[in-house]
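Structural overview
Each chain, letter by letter, is given below.
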Amino acid sequence: MNATILAKTAYSNPGQPTRTLRGTEYEIFARVTHRLKVTAGMAKSNFPALVSALYDNRKLWTTLAVDVAQPNNELPEMLRARIFYLNEFTQQHSAKVLKGDGAVDVLIDINTAIMRGLRREGGAE
C-alpha cells in the first residue's frame with residue numbers, strides 16, 4: 001500500500017455508506033436531471049448554462065449507449081436496445097432544444113423514468 005492510498009483511507013468518511021453501481025448511476029442521473037430542471041427556463045436569460053446542462057446530459061447518454069453496445073454487457077438484449085434508442089432520441093431532441101424547437105421537459109421526463117427504474121430495482125440510497 002502506498003502513502004496516497006493510506007492518506008485517502010485515513011481521511012475517508014467511515015460513516016458514509018458504500019454505493020452500489022446502481023446507486024452511483026442513480027446519483028449521476030439525479031445530478032444531471034437537476035441541472036436540466038434548473039436551466040430549463042434559461043434559454044433567454046442564461047443560454048450557456050442550458051447548453052452546459054444539455055451537454056452533460058448528452059455525455060451521460062452517450063456513455064450509456066457505448067456501455068450497452070459492448071458485447072459483454074450483461075443487460076437483457078431488449079433493454080440494451082431500448083437504452084440505445086433513448087440515447088439516439090436524447091441526442092436528436094437536445095439538438096432541437098438548442099435550436100429553440102423543443103422543450104427540455106421531455107429530457108427531464110426520460111431521465112426521471114430511468115431514475116424511478118433504478119430506485120425500484122434497489123441499490124439507490
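Conventions and cut-offs
- Residues numbered from 1 in each chain as written.
- Predicted model: local features only at pLDDT ≥ 70, side-chain atom pairs only at ≥ 80, totals over all residues.
- Heavy atoms only, no water.
- Axes fitted to C-alpha atoms, helices over the stretch in contact; angles between N-to-C directions.
- Helix = DSSP H or I, 4+ residues; strand = E, 2+ residues; numbered from the N terminus.
- Parallel < 35°, antiparallel > 145°, perpendicular 65-115°, else oblique.
- Left-handed = near helix turned anticlockwise from the far one by under 90°.
- Contact = heavy atoms within 4.5 Å.
- Salt bridge = Lys/Arg side-chain N within 4 Å of Asp/Glu carboxyl O.
- Buried < 20%, exposed > 50% of the residue type's maximum accessible area, 1.4 Å probe, protein only.
- Core = buried A, V, L, I, M, F, W, Y, C linked by side-chain atoms within 4.5 Å.
- Polar contact = N/O pair within 3.5 Å; in protein donor to acceptor, adjacent residues only side chain to side chain.

In this section: the packing of helix α4 (residues 77-99) against helix α5 (residues 105-120). The relative placement of two packed helices comes down to the angle between their axes together with the axis-to-axis distance. Between α4 and α5, the shortest axis-to-axis distance is 10 Å and the interhelical angle comes to 150°. Here α4 is positioned roughly antiparallel relative to α5, judged by the angle of their axes. Here α4 runs over α5; the crossing is left-handed. Residue-level inspection shows Leu-86, Phe-89, Thr-90, His-93, Ser-94 and Val-97 of α4 in contact with α5, the latter providing Val-106, Leu-107, Ile-110 and Ile-114.

With that out of the way, let us pick up the pattern of salt bridges. Applying the stated rule across the entire model yields two salt bridges. The partner of Asp-56 in a salt bridge is Arg-35, and the shortest N-O contact between them spans 2.1 Å. Placement of the pair is Asp-56 in helix α3 (residues 47-69) and Arg-35 in helix α2 (residues 21-39), with a sequence separation of 21 residues. The class of Asp-56 is partly exposed, set by a relative accessible area of 21%.

In terms of nonpolar packing, the biggest core is built from eleven residues, these being Tyr-26, Phe-29, Val-32, Leu-60, Trp-61, Leu-64, Val-68, Ile-83, Ile-110, Met-115 and Leu-118. Elements supplying a minimum of two residues to this core: α2, α3 and α5. The dominant element in this core, judged by the number of residues it contributes, is α3, at four residues. With residues near it in sequence (within four places) discarded, Leu-64 still touches Phe-29 and Ile-83.

Considering the arrangement of structural elements, one finds Ser-94 in helix α4. A residue is classified by how much of its surface remains accessible, and Ser-94, at 0% relative accessible area, is buried. For Ser-94, the side chain forms a polar contact with the main-chain oxygen of Thr-90, separated by 2.7 Å. For Ser-94, the contacting residues outside a window of four places in its chain are Leu-54, Arg-58 and Leu-107.

On their own, these measurements won't tell you what the molecule is for.
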